[in-house]
Amino acid sequence: MNRNHDAASIAQIQWYWRAPYLAVGIFALTMLAVVWLLQDREADSQRNAVARDVQWAEQTMRVHMQGTEEFLGQLARDLAAEALDADGFQLRANQHIANNGELVNVVWVGPEEAVRWSAPFDTIDWLVGDPLTGLQTTAFHHARDLGRPTYAEAYANPRGTVVVEVYVPVRRGREFLGAVVGVYSIDRIVRHLVPSWFAEKYRLALISGKGESLAVNSSVRDLDESVSYEIPLDPPGNGLRLRAVAFRTATPLSQALPTMMIVGLSVLVLWTLWLLRAHVQRRVQVEKERDRLFNLSLDLLCILGLDGAFRRANPAFERILGYRPDDLPGRALLDLVHPDDVAETVTQMRRLAGGEPASFENRCRCEDGSFKWLAWSINPVREEKLVYAVAHDITGRKAGEDALRAESTFRKAMEESVLTGMRAIDLEGRITYVNAAFCRMVGFDQDELIGARRPFPYWPVEDAKTCSDNLDLTLLGRAPPTGFEMRIRRKNGDRIDARFYLSPLIDSSGTQTGWMASVTDITEPKRIRAALEAAHERFVAVLDGLEAAVFVADAGTDEILFANRAFKNIHGFDAVGRTVRGVSVPQPERSDYGVDPRGLTAADLPRELFDGELQHPLSGRWYHVRERATRWVDGRVVRMGIATDITERKQMAEISRQQAERLQRTSRLITMGEMASTLAHELNQPLSAIANYCMGSVTRIQSGSFRNEDILAAMQKASFQAERAGKIIRRVREFVKKSEPRRSAVQIVELLDDAIGFAEIDARRMSTRIVSEVETDLPAVFADRIMIEQVLLNLVKNGIEAMSGMPSTERVLEVRARALGPRAVEVSVIDRGHGIGDEERARLFTPFYTTKTEGMGMGLNICRSIIEFHDGRLIVDANPEGGTIFSFTLPTEFASERVARSA
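The present account deals with the structure reproduced in this document. Remember, it's a predicted structure, so these values are computed and weren't measured experimentally. (Residues numbered from 1 in each chain as written. Predicted model: local features only at pLDDT ≥ 70, side-chain atom pairs only at ≥ 80, totals over all residues. Heavy atoms only, no water.)

## A few points about the nonpolar core
The biggest cluster of nonpolar side chains holds 47 residues, and the ones touching the most others in it are Val180 and Ile189. Per-element accounting of this core gives the leading share, 12 residues, to helix H1 (residues 2-80). Contacts of Val180, omitting those with residues within four sequence positions, involve Leu72, Leu75, Ala76, Leu79, Val106, Val107, Trp108, Val166, Tyr167, Val168 and Val170. Grouped together as the second largest cluster of nonpolar side chains are 38 residues, Ala763, Leu792, Leu795 and Ala817 included. (Core = buried A, V, L, I, M, F, W, Y, C linked by side-chain atoms within 4.5 Å. Buried < 20%, exposed > 50% of the residue type's maximum accessible area, 1.4 Å probe, protein only. Helix = DSSP H or I, 4+ residues; strand = E, 2+ residues; numbered from the N terminus. Contact = heavy atoms within 4.5 Å.)

## Side note on the sheet that holds strand S15 (residues 386-393)
One open sheet accounts for five strands, arranged S12-S11-S15-S14-S13; its pairing is antiparallel. The open sheet has two edge strands, strand S12 (310-313) and strand S13 (358-365), and neither has a second partner. Neighbour-to-neighbour, the strand axes of this sheet turn through a mean angle of 30°, independent of strand direction. Note that S13 and strand S14 (residues 371-381) share eight bridges and pair antiparallel. Looking at S14, one finds that Arg365 is bridged to Phe371. Most of the contacts of helix H8 (residues 342-353) go to S13, to which it runs at about 140°, and overall it touches S13, S14 and S15. (Pairing = 2+ DSSP bridges. Axes fitted to C-alpha atoms, helices over the stretch in contact; angles between N-to-C directions.)

## Here we look at helix H12 (residues 464-476)
The terminal C-alpha atoms of H12, which comprises 13 residues, lie 18 Å apart, in line with the 18 Å expected from a rise of 1.5 Å per residue. Looking at the buried side of H12, the elements it contacts are strand S16 (421-426), strand S18 (484-489), strand S19 (495-506) and strand S20 (512-521). Backbone geometry just after H12 places Gly477 at a positive phi near 80°. (Expected span 1.5 Å × (residues − 1).)

## Considering empty space enclosed by the protein
The probe, sized like a water molecule, is rolled over the atoms to show the empty space still left. The tally for this structure, following the rule as stated, stands at two cavities of 30 Å³ or more. Every residue along the wall of the largest cavity is listed here: Arg423, Phe456, Tyr458, Trp459, Cys467, Asn470, Leu471, Thr474, Phe484, Met486 and Phe500. Those elements that place two or more of their residues in the lining of the largest cavity are H12 and S18. With four residues, the single largest contributor to the lining of the largest cavity is H12. Considered class by class, the residues forming the lining of the largest cavity number eight nonpolar, two polar and one charged. (1 Å grid on protein atoms, 1.4 Å probe; cavity = no way out; pocket = protein on both sides within 12 Å on 5 of 7 lines; lining within 4 Å. Points joined across faces, edges and corners; volume = space filled by probe spheres on them. Nonpolar A, V, L, I, M, F, W, Y, C, P; charged D, E, K, R; others polar.)

## Side note on the environment of Asn100
Among the secondary structure elements, Asn100 is positioned in the loop between helix H2 (86-99) and strand S1 (103-109). With 88 residues separating them along the chain, Asn100 and Arg188 place their C-alpha atoms 9.7 Å apart. In terms of polar contacts, Asn100 uses its side chain to reach the backbone carbonyl oxygen of His96, at 2.9 Å. (Polar contact = N/O pair within 3.5 Å; in protein donor to acceptor, adjacent residues only side chain to side chain.)

Rendered as structure tokens:
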């Protein structure tokens, strides 16, 4: 029985091992059958696709030929009506041939069967006076007898080109005046009347009625004759057939590849079963190697519980943050996170608890109290109730990003900086734009030129016809690339010579809207043409005299073609001939260009490439760099750059910013100084109350007749008065302390409460009542709390002082806050004082202007600077009920997030 049981167990174990092999074999056979069925279905799909594509190609050719028939029919009608001369015939025929690449000739054959007109004029196949041949005569007679377009049989002309001709009869009533003949190239029909994607998939051939191949679009690639389709081509008929054969896209190897892969994968699966046992034996070794990698990693690696507590950490924590790995288990990750990043970290931990991976950045506290930026990538394993985290130190990268965000750039307009006149016209010849240089050139104002039609005001009477002809050439697109010269009449009657360079105006959708002309006064250059070389030397001398560094470089090779003296002084006198990046010129990145200059052609010029501020990589000096793509003297596309040293201006801007910050702090100190006596009086009340409560409690305790409840109540009241005094002192300290502007999400209600809390002290002294009206559910604003409190306190203080001469019952100051949509909040301070006149209102924000006898005239100017720093506006209006309304707007947190995402 034991032997039988052991034999059964062995057989069962062997079956367990054989079952996977059997399953793999059945799976492989099934997959081979599926592959065979899929390949057979794919072949059917390809045959159906080629049939549809050939029918589509045949319809496309038919549409093009019918369009040519309509064009030839129009020529025939114009010939019959004697509305077409030889020049008009040449012009219209050449334009149609240029737009239809399959056509080679358009001919008018007279009734005597001889060529009268032929286009193009330089053709050698259809010469004027040549008679028709036999095949041509047959088609000519059919067109005459049938009175409709007739196609001839395809044939090879003397130059070996296979052509097919269509004859359209020309009749005036019953009189036969010949036929207009359109000559198609069979080879061009195949190559031009189908799109490029068709030629990439199929070899397209035109077959004659005798089965001969007249033209094919390609004979190089290998064909798959099993995927082909043939269809009659009518017109032109005459037995012509269109045949498409698919190019072979799959090699025998690729067709057999699925079978080979199935067999190979099956063998691979069988082989992996043999390796499974060895894999289990190596697992212990792999776990040791994993622990070694965990301990030697340069990044922070750790294992956390779903509650955010450390379970295990690698030694990188001690190297980067200063914490020993043995001290971290049991400690919460949130204990290390910067307070400002706790909310975001908690949100990400909740995602991890839900089973979602998380990637985020935050600041973590080091052992020495400093903070470092870490980029976390965390993946949860819910079944283990653990998360595996990797953190990379990005403190250096964050510092670089902050430096880049701190830079400010500005752009200067090019319109007024050039001396070349610019004039734009629409497609009807009406002036739509002129720049200031053009107005100075002709002496007319912009209003006198915009909207003008021919004759333009600056056209001389004696040259009006020449100017009109040049305008016609421009509208037809035939203006020479080198431009044309023209005499201009100035408004005072003087004549000057100018050269016009024309280029099309293309809008953002790629549609031409007109023509732009750059106009250069060449009166003086023409007068001194003999001294052109000397003028060039003076031009170079002028550039060398500029303080700005100027260079010209080839757009494709980056080779420097010209550099002025200032450029050479900075980058070396051997700069010409070297590359721009080779001499360490401050250059923008390729992504900063609006378009890659290496891909520009002459048709794209001129074009603005870059306008911004850059720092020299070696000297550290700042330059304002402007680059423009233009054409060099030899016709090539170049980049012209101008770099102006703005280091001193940047330093002055920084000094101005620091002075503004000191001025704001001084203003707060002055405000506190003005409120010192009132604050002392306000603090005297809680301090006196504290002394009275404490003295009363001491007296009762000494007498021995007291109740604990009475002593506790007295101490609680004393504690409340002490907290009140501390709150007043804390507000003053936070208001006057020096700090960098830090914008964050702030509730406007809290700002108003703090500012009004300050102002109420002064308001009670002035017998003024402050009324606050705030809409419910106002969104948080993105602002610096102290700076906005300074603005509010200044405006409220001004309103209280403005009502000092009013009866005490009318001294009511209203502070209102309301939402202006989801992007802004408006705060208004409304007083009922004496008001502000129009003249004073115009000068109200001027520095050092004040309406007070003891004022400095800087408060409102500082307030406006603070509001504009917050991307808001400070405005002043008259109060209809008497007095003044000061209003300012602040962006909401939602608006700041939108701006940050777009940036």
